[in-house]
Amino acid sequence: MQNKGAIRLFAILFALVCLYQLSFTWVTSRIEKKAIDYAKGDYKKEYAYLDSVSGQVVYNLGIVKYTFRDCQERQLNLGLDLKGGMNVVLEVSVVDIIKAMSNYSTDSTFNKAIERAKVLQRNSQDDFVTLFGRAFEQINPNAKLAAIFSTIQLKDKVKINSSNREVLLVIQKETDAAITNSFNILRSRIDKFGVVQPNIQQLETKGRILVELPGIKEQERVRKLLQGTANLEFWATYENSEVYNSLVQANKVVKDLQAQGNTSIDTTKSVAKTDTTKAVAKRDTASKSLALLDKIQGDSTKKDSSAMASQVMQDYPLFAKLRPNVSGQNQLGAGSLIGYAAVKDTSDVNTMLNQKQVRALFPRDIRFIWEMKPVKGSTNMFALHAIKANTRDGRAPLDGTAITDARSEFGNNKAEAAVSMTMNVEGAKIWARMTKENIGRCIAIVLDNAVTSSPTVNSEITGGNSQITGHFSINEAEDLAIILKSGKMPAPAVIVNEAIVGPSLGEASIKAGLISFIIAFVVVLIYMMFYYNRAGWVADIALVVNVFFIFGVLASLGAVLTLPGIAGIVLTLGMAVDANVIIYERIREELRQGKALKSAIADGYHHAYSAIIDGNVTTLLTGVVLFIFGTGPIQGFATTLCIGILTSMFTAIFISRLVFETLLSKNKDITFSNRFTEHVLVGVKFDFIGKRKIFYVISSIIIVAGIISMVVRGFNLGIDFSGGRTYVVKFANPANTVEMQKALTGAFDGITPEVKTYGADNQVKISTKFMNTGSEVQKTDVDSIVESRLYQGLKPYIGGASFDQFLDNNVQSSERVGPTIADDIKYAAIRAVFFSLLIIFIYIFVRFKDWRFGMGGVISLAHDTLIVLGVYSLLWGYLPFSLEIDQAFIAAILTVIGYSINDSVIIFDRIREYTALYPKRDKRELYNEAMNSTLGRTLNTSLTTLFTVIVIFVFGGEVIRGFVFALLIGIGIGTYSSIFNAAPVIYDALMISERKGKKK
């Protein structure tokens, strides 16, 4: 072995670097354990403790000293599936950015192009600006974008004579800048939020931003923080007394419209279930203008209250939904508040007030805006305010761009939190003028199109200092201050993909992952010692060093260890054995030919290099493809797989060789077998080529059956591909999934969810598409609505727990995938499989200089993929664990592809070797001999890999069981196809070529 000294030095330095990198993980874990012991379950105390030591030196290496924060940045990070936390993909609305750049143009071609681009985006991977330009051209080829975008804001960038292409380039540039600005604002908000080790990054798809927040337990608070645009506005208002008479007239017009059938609001439905009539009936009036309330009161006190209420709702449809702001002393309430409505009635009120005939009754510049939070003392009643939009462009006279600083503090009554603001010079002037002009009247403070407060102005306010109140909690005031201080988002950011893992599920995942890892590791070590005797010990040393190197490299790269990542490491162990097995089988062949031990070892390593490199490079290529096209945990799996392949090649080729050289120098006896394994598969002469057609038929039957099932039964698509939500919920007692499904169907408005046991019999996985289509998915409060419905449906099974207790204790994890990102994931998966097959074909073609080898490999891989897909289609719904087609399944398919081609390449390499040695030998005999000579390697590699995968399947936990099942089937089928399909296909292609050559 040449350069032993250099290799030994490199190995020692590599080990020292890994040890140094892993030491930070040991330091941080020790301090985090102290924080947990101190907090005793209170996560706020735990955060406070860690924050208090973040700047302290906790790791002193003499020359260099590291604070706790420094150590955290260098430690081996755990993924959210192991640590618990929140993973969110936000999508910045490019549509809103473009509309803002056009100054909200009303041009019909522009608005039609926007709508058509939205439709085109569903089936296209192009960015929205490109699709918008294409749609604009299709709708009116002669229209000019410059006429729309030559606004004051873009006057220096868009000229009136600019071409459409030039304008689109400006739009693209401005859109990119707005997205980057949104990214920076979100990062600023998260940094101020105080999360330990947050991760935020822009994704490849334009407008998408990934946010990972480990350890987060206040999900709803985070959603509001991330999705709030911070669009703060200050408006003058109308007084209730100025609007009430118009409301009375509006009620009459709505009644007439309903009688004519010209409105979609039917207020006569569900009368028995509404309490708004009773609420209105409690009010008295003292003037003729309020006589209708007396009528409602009189009607509702009759015995037949339901029938009477129905009549009242027909006569007074608006006031049955919107309770006027009338005081208990029979007076109209002061201020801009004009009425109250239950949350379920707000949409109906909006529809009534937006009727063309109704709008004509009110001042042209009036706008109706609901309050952000329910009325104090209520949970479902919201107040409606009348805003005066009397500026020339209809925009607020003062907005959040004037805010230079914001901070949370207690309000004037010391009982509620408030937000104090400081404005710039221009904002202070406008604020002084607004307050001076509205003394004795209200000014509405509107955040994201919802009124937070509407204080009455007592005097002119100068200096630019003001305060926002709105019965905020401390957290809400802090979050609002963070949002205002970090700045206004250029456009709304909507959560399109969300995964939440509770800490208890994370702890269970860590335990399951460690158990599977340890058991698989021990099984492989024992097997190698048994099969290869003393040489097995050398392989075990290489495996231990390999694992150490994997974790060291992960820590050095700042990679995140996920549960699929642990599965990747365990799988790497099985595949790492492959290199040792190839070398050992070669050495055994050399020994059987009578060579001396030292020569046999040297020749065995020499002849094994080609097969090891080819086999591992093909698997590495699939890992790279998986990393490029995968997301989140799948990238974690690909990362550990790629690192494991590289380190296993190094340890198998160099570390084990160094150990052998050391043993030989000390004249130690090295054995590569025992009396049980010495002659296993030696001298086998199975006629693989002669029996190939039998196996072609067997494979064809299985594939055809699978294809029929795919057409008839289809697949159990996970939410990654279909869109929707999943929740893992744990109960105190065993769950009845049938009863729960019925209860949740009612809660989800008749949309039947999938409810199945998930691991233990008291834990279920619930998947639903409720509120995941159309405009519903864009609502910022949709998550809380779905969670509330989930709580209502499961209320009988959670023992009287409150909503917050249900989320904290019962919901172990949740995930949401929007329909647009589901389409993107599907396309990415298809591309990943296609490119992996293409890259493998090209690599094998180049390495073996024969297209037939590439074709044989790809046909074998297609065979494996179709069979695994067929098995998942045939068996889903019949097995007691999930067989969903999701991102994890695609990762499994690509891993199977990598493993199968690794197997095939070993056989290809032996065929190439024998062809070069015996060019005139009969091809059938040559192929059979080559395939029989590799059976020992195939058996050992397959057995060790199957051992590890079976261990993961049994002990790895429910989260990855479906993923591992695909590996289990794929590895078995991959071994079969490598022997019975790949090489025979090459043989048949070769025979066809030879027959054609003879004819010519």
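Working definition: two side chains of opposite charge can pair if their charged atoms are close together. Within this structure, the stated rule accounts for 21 salt bridges. Two residues, Arg692 and Asp988, come together in a salt bridge whose shortest N-O distance is 2.8 Å. Pair noted here: Arg692 is in helix 24 (residues 692–712) and Asp988 is in helix 34 (residues 961–999), with a separation of 296 residues, a long-range link. When sorted by exposure, Arg692 lands in the same class as Asp988, which is buried. Salt bridges sharing common partners tie together Lys321, Lys344, Asp345 and Asp348.

Another aspect to go through is the packing of aromatic side chains. Counting across every chain of the model gives 42 aromatic pairs. Ring geometry for Phe953 and Phe965: centres 6.2 Å apart, planes at 40°, overall tilted. Taken together, the positions of Phe953 in helix 33 (residues 935–955) and Phe965 in helix 34 put the pair 12 residues apart, joining distant regions of the chain. The pair Phe953 / Phe965 is uniform in exposure class, with both members buried. Counting every residue linked through ring pairs, the aromatic cluster contains Tyr527, Tyr531, Tyr532, Tyr584, Tyr605, Phe660, Phe672 and Phe947. Over the face of the ring belonging to Trp876 we find Arg713, whose NZ or CZ atom lies 4.8 Å from the ring centre. In this structure, Arg921 is placed above the aromatic ring of Tyr918, and the distance from its NZ or CZ to the ring centre is 3.9 Å.

A few words now on the nonpolar core. Core analysis: the biggest nonpolar cluster contains 114 residues, and Met528, Tyr584, Phe660, Ile844 and Phe889 have the highest contact counts within it. With residues near it in sequence (within four places) discarded, Ile844 still touches Lys849, Phe853, Gly854, Ile901, Val905 and Phe908. Of all hydrophobic cores here, the second largest spans 42 residues; its members include Ala113, Ile114, Ala135 and Val222.

Gaps left between atoms show up when a probe the size of a water molecule is rolled over them. With the rule as written, the count across this model stands at six cavities of 30 Å³ or more. In terms of lining, the largest cavity is formed by Ile582, Glu585, Arg586, Glu589, Ala608, Ala611, Ile906, Asp909, Arg910, Ser933, Thr934 and Arg937. When residues of the lining of the largest cavity are assigned to their parent elements, the largest contribution, four residues, is made by helix 21 (residues 563–592). Its residues assigned to classes, the lining of the largest cavity shows four nonpolar, two polar and six charged. Estimates place the volume of the second largest cavity at around 50 Å³. Lining the second largest cavity, in full, are Arg223, Glu498, Arg725, Tyr727, Asp783, Glu787, Ser814, Glu815 and Arg816. Listing elements by their share of the lining of the second largest cavity, those giving two or more residues are strand 21 (724–730), helix 27 (782–794) and strand 24 (811–817).

So, about a positive patch on the surface. Taken together, the side chains of Lys693, Arg995, Lys996, Lys998 and Lys999 make up a positively charged region of the molecular surface. Per-element tally for the positive patch: the top contributor is helix 34, with four residues. Inspection of the secondary structure assignment puts Arg995 in helix 34.

Quick notes on the rules
- Residues numbered from 1 in each chain as written.
- Predicted model: local features only at pLDDT ≥ 70, side-chain atom pairs only at ≥ 80, totals over all residues.
- Heavy atoms only, no water.
- Salt bridge = Lys/Arg side-chain N within 4 Å of Asp/Glu carboxyl O.
- Helix = DSSP H or I, 4+ residues; strand = E, 2+ residues; numbered from the N terminus.
- Buried < 20%, exposed > 50% of the residue type's maximum accessible area, 1.4 Å probe, protein only.
- Phe/Tyr/Trp six-rings, centres within 6.5 Å; stacked < 30°, edge-to-face > 60°.
- Lys NZ or Arg CZ within 6 Å of the ring centre and 35° of its normal.
- Core = buried A, V, L, I, M, F, W, Y, C linked by side-chain atoms within 4.5 Å.
- Contact = heavy atoms within 4.5 Å.
- 1 Å grid on protein atoms, 1.4 Å probe; cavity = no way out; pocket = protein on both sides within 12 Å on 5 of 7 lines; lining within 4 Å.
- Points joined across faces, edges and corners; volume = space filled by probe spheres on them.
- Nonpolar A, V, L, I, M, F, W, Y, C, P; charged D, E, K, R; others polar.
- Patch = residues over 30% accessible without salt bridge, like charges linked within 9 Å, V, L, I, M, F, W, Y side chains within 5 Å.
- Areas by Shrake-Rupley, 256 points an atom, 1.4 Å probe, with all protein chains shown as cover.
- Lys, Arg positive; Asp, Glu negative; His and termini not counted.
- Charge placed at Lys NZ, Arg CZ, Asp CG, Glu CD.

Structural measurements only, silent on function.
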